[in-house]
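# Observations on the three-dimensional arrangement
Here is what each chain is made of, one letter per residue.
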Amino acid sequence: NSGLRPILKNKSERMVSKCKPIDYVLGEPARTPNDMIICSTADESTKSISNLKLHDFAFIRRSNGQWTYAIVANRDDRLAEKIDDENTDEVLLFVIDEEGTTKRYWKRHWKSHIRRVRTYLEAP
């Protein structure tokens, strides 16, 4: 990307630039696995995904196996599913396309269905 400078002048410029999303539109398939953070273990993946916040971008795995660009729309506990008297499975709600279609992913599926977006300053 010619608009990105390889060397940033100061700490605040590096911090702002690190958060800049890559050039995708909602629903667009991942162009390369290098645009995603692919964790080496299921636990590492779940922990990484648990750091997603409202309006963060991620790639989600669709039923056809394709990874597409989406945005976190909600992390509300009221969306959680009660598994038993002691456990509740957290839910992330994503907007998955420009039409506003949404998709929910329960925590037990995060490791296999959600990948964080790699910023351009993070090595693949």
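Residues numbered from 1 in each chain as written. Predicted model: local features only at pLDDT ≥ 70, side-chain atom pairs only at ≥ 80, totals over all residues. Heavy atoms only, no water.

Attention shifts here to the pairing of strand S1 (residues 57-61). By the bridge criterion, five bridges tie S1 to strand S2 (residues 67-74) in an arrangement that is antiparallel. In the sheet register, Phe59 faces S2, and the bridge partner there is Tyr69. Connecting the antiparallel pair S1 and S2 is a turn made up of five residues, with Gly65 showing a positive phi of about 90°. The pairing of S1 with strand S7 (residues 114-116) spans three bridges and is antiparallel. (Pairing = 2+ DSSP bridges. Helix = DSSP H or I, 4+ residues; strand = E, 2+ residues; numbered from the N terminus.)

Overall, the coordinates contain three salt bridges when judged by the stated rule. One salt bridge in this structure joins Arg31 and Glu28, with 2.9 Å as the shortest N-O distance. A salt bridge links Lys107 to Glu90; the nearest nitrogen and oxygen atoms lie 3.1 Å apart. Residue Lys107 is found in helix H3 (residues 107-113), and its partner Glu90 is found in the loop between strand S4 (88-89) and strand S5 (91-95); the two are separated by 17 residues along the sequence. Of the residues examined, Lys107 reaches a relative accessible area of 28% and is grouped as partly exposed. The exposure class assigned to Glu90 is partly exposed, which follows from its relative accessible area of 31%. One connected set of salt bridges, linked through shared partners, spans Arg75, Glu90 and Lys107. (Salt bridge = Lys/Arg side-chain N within 4 Å of Asp/Glu carboxyl O. Buried < 20%, exposed > 50% of the residue type's maximum accessible area, 1.4 Å probe, protein only.)

This brings us to the environment of Arg31. Of note, Arg31 is situated in the loop between helix H1 (11-18) and helix H2 (42-49). With 36 residues separating them along the chain, Arg31 and Trp67 place their C-alpha atoms 9.1 Å apart.

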